[in-house]
Amino acid sequence: MSDFPEPQPLSTHGPARIIALCNQKGGVGKTTTSVNLGAALQEYGRRVLLVDFDPQGALSAALGVQTLDGPTVYELLMGTVRDTASVIVHTESGLDVLPANIDLSAAELQLVNEVAREQALSRALRQVSGDYDVILVDCQPSLGLLAINALTAAHGVLIPLEAEYFALRGVALLVETIEKVQDRLNPSLELDGIVTTMFDSRTLHAREVLERVREAFGDKVFETIIPRTVKFPDATVAAKPITEFASTHVAAQTYRSLARELISRGGAP
Ligand SMILES: Nc1ncnc2c1ncn2[C@@H]1O[C@H](COP(=O)(O)OP(=O)(O)OP(=O)(O)O)[C@@H](O)[C@H]1O
Ligand SMILES: [Mg+2]
């Protein structure tokens, strides 16, 4: 793995580069990557907002944000709450979170009849974009209207991919969806890259999968590879980013490497 340069501190902040973390396959590391890439970017002095865009609320929970009462991203989408900043929660780890809960599962159907239904998230984020350097949107495992909202709001997409045999199944459909959004809604949307997660270097199988992913996507595949380790679920239980929970562990180091690689590729300021 190359060593990516230590990022220069920023002298000014915002407007944010918005990055959607998408893959309609479940359990590939979208939420884990949102939290830990966000935390690593923050360590480098970037102002980071994490958007929980999954009705399961896993990202909110992973940072200890209670979502039972109090407005969430759902009210912003529906326009029943208009002030985005008032919904943002400042967590102990220093990361800001736009939380979600199960209410968001209704948004998909309720937005269908709205004018500019694909732009609802974009509209909500525009208000606070100046306060952040990076906004990471943690999508749910689906390619429905919420994912389209995320891709419409975003400047770039990161695709987390679990290093296992069927990893590439469904990625063609995801890429097709990204192309449709580029064509119809958001021409400047970029595919920032593919992040290989849950990599087990001891198995030949995982290395073969990595080869196939690199054949298919070339230099879109990040050099940084996230290892499979129980430290990640452990950090989630502790409601802390890995960079805090196990700061010196290789798992934390790889997300710092991913942050440096993203910055060196121009995917984040
Ligand atoms: N590198 C890793 N090594 C080991 N376990 C991991 C790793 N990354 C994530 N996990 C664990 O795998 C599970 C799924 O990860 P995560 O929730 O990040 O995936 P997801 O793509 O967001 O899932 P969903 O599609 O359900 O939203 C979680 O229990 C998480 O703690
Ligand atoms: Mg998730």
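Residues numbered from 1 in each chain as written. Chains lettered and ligands numbered in written order. Predicted model: local features only at pLDDT ≥ 70, side-chain atom pairs only at ≥ 80, totals over all residues. Heavy atoms only, no water.

1. What about the side chain of aspartate 133?
The following threshold applies: Strands here mean DSSP runs of E at least two residues long; helices mean DSSP runs of H or I at least four residues long; both are numbered from the N terminus. For each residue, the accessible area found with a 1.4 Å probe, counting protein chains only, is set against the maximum for its type, and the residue is called buried under 20%, exposed over 50%, and partly exposed in between. Positive charges are assigned to Lys and Arg, negative charges to Asp and Glu, while His and the chain termini are left out of the count. The term salt bridge refers to a side-chain nitrogen of Lys or Arg lying within 4 Å of a carboxyl oxygen of Asp or Glu. Pairs of N or O atoms within 3.5 Å make up the polar contacts considered here, provided that, within protein, one atom can donate a hydrogen while the other can accept it, and that residues adjacent in sequence are counted only when both atoms are side-chain atoms. Pairs of residues are marked as contacts when any of their non-hydrogen atoms sit within 4.5 Å.
Secondary-structure assignment places aspartate 133 in the loop between α5 (120–126) and β5 (134–139). For the buried aspartate 133, which has no salt bridge, the nearest side chain bearing the opposite charge is arginine 47, at an N-O separation of 5.3 Å. Looking at aspartate 133, its side chain comes within polar contact range of the main-chain nitrogen of arginine 47, at 2.8 Å. Not counting the four nearest positions on each side in its chain, aspartate 133 is found in contact with Leu10, Thr12, His13, Gly14, Pro15, Ala16, Arg17, Gly45, Arg46, Arg47 and Pro269.

2. Some details on the environment of isoleucine 242
Considering the arrangement of structural elements, one finds isoleucine 242 in helix α10 (residues 242–245). Counting along the chain gives 32 residues from isoleucine 242 to leucine 210, while the straight-line C-alpha distance between them is 24 Å. Setting aside its immediate chain neighbours within four residues, isoleucine 242 contacts Asn36, Lys231, Phe232, Ala235, Ser247, Ala251, Ala252 and Tyr255.

3. Here's the deal with the site of ligand 1
Formally: Think of it this way: one heavy atom of a residue within 4 Å of a molecule or strand is enough to make that residue near it. To be clear on the numbers: accessible area is Shrake-Rupley with a 1.4 Å probe, and residue cover counts the displayed protein chains and nothing else.
In the vicinity of ligand 1, 17 residues are found, and the nearest of them are Val28, Lys30, Thr31, Thr32 and Pro227. Contact distances for ligand 1 include 2.8 Å between an oxygen atom and a side-chain N or O atom of lysine 30. Interatomic distance of 2.5 Å between a side-chain N/O atom of threonine 32 and an oxygen atom of ligand 1. Its free accessible area being 630 Å², ligand 1 has 76% of it covered by the protein chains.

Fair warning: the whole summary comes from geometry, so function is off the table for now.
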